[in-house]
2 protein chains.
Amino acid sequence: MAKMTERMQELFKKVPAAVLCTATNDGSPNGVPVGAKRLIDAETVLISDQFLNKTLANMKSNPRVALTFWEGHEGYQLKGTVTIETTGPRFEETSRWIEERSTQSGNPLKCKGVVILKIDEIYGVAPGPGAGKKLS
Amino acid sequence: MAKMTERMQELFKKVPAAVLCTATNDGSPNGVPVGAKRLIDAETVLISDQFLNKTLANMKSNPRVALTFWEGHEGYQLKGTVTIETTGPRFEETSRWIEERSTQSGNPLKCKGVVILKIDEIYGVAPGPGAGKKLS
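Conventions used here
- Residues numbered from 1 in each chain as written.
- Chains lettered and ligands numbered in written order.
- Predicted model: local features only at pLDDT ≥ 70, side-chain atom pairs only at ≥ 80, totals over all residues.
- Heavy atoms only, no water.
- Least-squares fit on C-alpha atoms with pLDDT ≥ 70 in both.
- Contact = heavy atoms within 4.5 Å.
- Salt bridge = Lys/Arg side-chain N within 4 Å of Asp/Glu carboxyl O.
- Helix = DSSP H or I, 4+ residues; strand = E, 2+ residues; numbered from the N terminus.
- Buried < 20%, exposed > 50% of the residue type's maximum accessible area, 1.4 Å probe, protein only.
- Pairing = 2+ DSSP bridges.
- Axes fitted to C-alpha atoms, helices over the stretch in contact; angles between N-to-C directions.
- UniProt positions renumbered as here; feature names shortened; annotations may be inferred.
- Buried area = accessible area lost by both parts, 1.4 Å probe.
- Polar contact = N/O pair within 3.5 Å; in protein donor to acceptor, adjacent residues only side chain to side chain.

1. Here's the deal with the relation of the copies chain B and chain A
- Relative to chain A, chain B is turned by 180° and slid 0.0 Å along the rotation axis, the superposed coordinates differing by an RMSD of 0.0 Å. Taken together, the rotation and translation describe the operation of a two-fold axis. Residue Gly27(B), judged by its C-alpha, is the member of chain B lying nearest the rotation axis, at 2.0 Å.
- Mapped onto chain A, 100% of the interface residues of chain B are again interface residues, and the two copies thus contact each other with one and the same surface.

Shown next as C-alpha cells:
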C-alpha cells in the first residue's frame, strides 16, 4: 500500500479530471478522463462509473490500473488494483451524489457502479529529471 | 488507418498536454501527460521524448498506445502503434524545436527521441451516451 501526501490529496481534489488507464490482459492500453472522483482515505480512491465501457471491460478481467492527474508542472500517477461495487453503502451514497450533482447541472446522470482503487505505488509525472520517480 | 477531423486536429494542437497510455505485454497499464506533441498529418502524431521512462520501456516491447486528450466536455482517444526514431530528419528537427522552446522558457531540455504514432482508430471520450464510441 502507498499513501498520498496532503499535497497529493489537495491536487487530486482540485483537478477537474484524472485519466484512468487500463489495459487488456494482453497489453492493449486504454485511457479515459474521469471527473466523478473522490478520496475515501489517503490510500483509497473512488471513481463513479456513469459511462465506462472499454475501461470497465478491461477492469473486470484485469484490475490493474494507473490513475494520472496533474496541473501545470506538478503531477502524480497512482498505481494499484480496483474492485467494482454495484451494491452496498458506497454505491448507494455515490448514486445519490451523482444524481444531485448532475441534476443541479441540468443533465441528470445515473451511477452504474463505483470503482474502488487501492493505491499500491505512487509515481511523479511532472516533467523534469524526477519524471517517473517512485514517490511512495 | 484513421484520420482526425479538422476539429480533432484543432483540439489536439490547443490542449497543453495529452495522456500517453501504454502497457506492458502482460497488461500493466501506465499513463503520463505529454506536452511536446505535434501533428505530422491527419493520421500521424509526433511526441518528443525528454523524460519518458516506463512509457519508453513499454513502447519498446509493446508498441500499442492510446493517446487521450480533452477540454471540458469534448475529448478523443487515438489508438495505434508507435515507432521510435533517435536519428534522421524528424529527430533532428524535433531536437531543434525542443531546444528552442525550452531555452526560451529558461529551462533547457534535450530531446532523447521522437515517438511517431500512426493512428488506427479514434474514439470519443466525452462524458455522455456517446462515451467510448468509435468515431473513425
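This is not the end of the story, as more comes after the structure.
2. What to know about the pattern of salt bridges
- Enumeration according to the criterion identifies 14 salt bridges over all chains in this entry.
- Two residues, Lys134(A) and Glu121(A), come together in a salt bridge whose shortest N-O distance is 3.3 Å. Linking Lys134(A) in the segment after strand E7 (113–124) with Glu121(A) in strand E7, this pair joins segments that are 13 residues apart in sequence.
- We classify Lys134(A) as partly exposed; its relative accessible area is 46%.
- What makes Glu121(A) partly exposed here is its relative accessible area of 25%.
- A salt bridge links Lys112(B) to Asp49(B); the nearest nitrogen and oxygen atoms lie 3.6 Å apart. Of this pair, Lys112(B) sits in the loop between helix H3 (89–104) and strand E7 (113–124) while Asp49(B) sits in strand E4 (residues 44–49), placing them 63 residues apart in sequence.
- Judged by relative accessible area, which is 3%, Asp49(B) ranks as buried.

3. A closer look at the sheet that holds strand E6 (residues 74–85) of chain A
Residue and element names in this part refer to chain A.
- Taken in spatial order, the 7 strands make up an open sheet running E2-E1-E5-E6-E7-E4-E3, and their pairing is antiparallel. Across the chains shown, the open sheet's two edge strands, defined by having one partner strand only, are strand E2 (29–34) and strand E3 (37–41). Sheet twist, expressed as the average angle between the axes of neighbouring strands with direction ignored, equals 35°.
- Contacting E3, strand E4 (44–49), E6 and E7, helix H3 (residues 89–104) runs over the sheet at an angle of about 95° to E7.

4. Some remarks on the UniProt feature "domain: Pyridoxamine 5'-phosphate oxidase N-terminal" (unreviewed entry) in chain A
- The sites that carry the UniProt feature "domain: Pyridoxamine 5'-phosphate oxidase N-terminal" (unreviewed entry) are, in the present numbering, residues 4–125 of chain A.
- Helix makes up 27% of residues 4–125 of chain A and strand 45%, and the two end C-alpha atoms of the span are 14 Å apart.

5. Re the interface of chain B and chain A
- Between chain B and chain A, the residue contacts involve 33 residues of the former and 33 residues of the latter.
- Between chain B and chain A, the buried area comes to about 2500 Å², and carbon and sulfur atoms account for 59% of it.
- Linking chain B with chain A are 0 salt bridges.
- Taken together, the links from chain B to chain A amount to 16 residue pairs in polar contact (both at pLDDT 80 or more).

6. Some remarks on the sheet that holds strand E6 (residues 74–85) of chain B
Residues and elements named next belong to chain B.
- The antiparallel open sheet is built from 7 strands, whose spatial order is E2-E1-E5-E6-E7-E4-E3. The open sheet is flanked by strand E2 (29–34) and strand E3 (37–41), the only strands paired with a single partner. Going across the sheet, the axis of each strand differs from the next one's by a mean of 35°, ignoring polarity.
- As paired elements, E6 and E7 share 10 bridges and run antiparallel to each other. From the neighbouring strand, Glu-85 faces E7, where its bridge partner is Val-114.
- Its contacts with the sheet place helix H1 (residues 6–14) against E3, E4, strand E5 (64–71), E6 and E7, and it is angled at close to 85° to E5.
- Helix-sheet contacts for helix H2 (residues 54–61) involve strand E1 (18–23), E2, E4, E5, E6 and E7, and the interaxial angle to E1 is about 55°.

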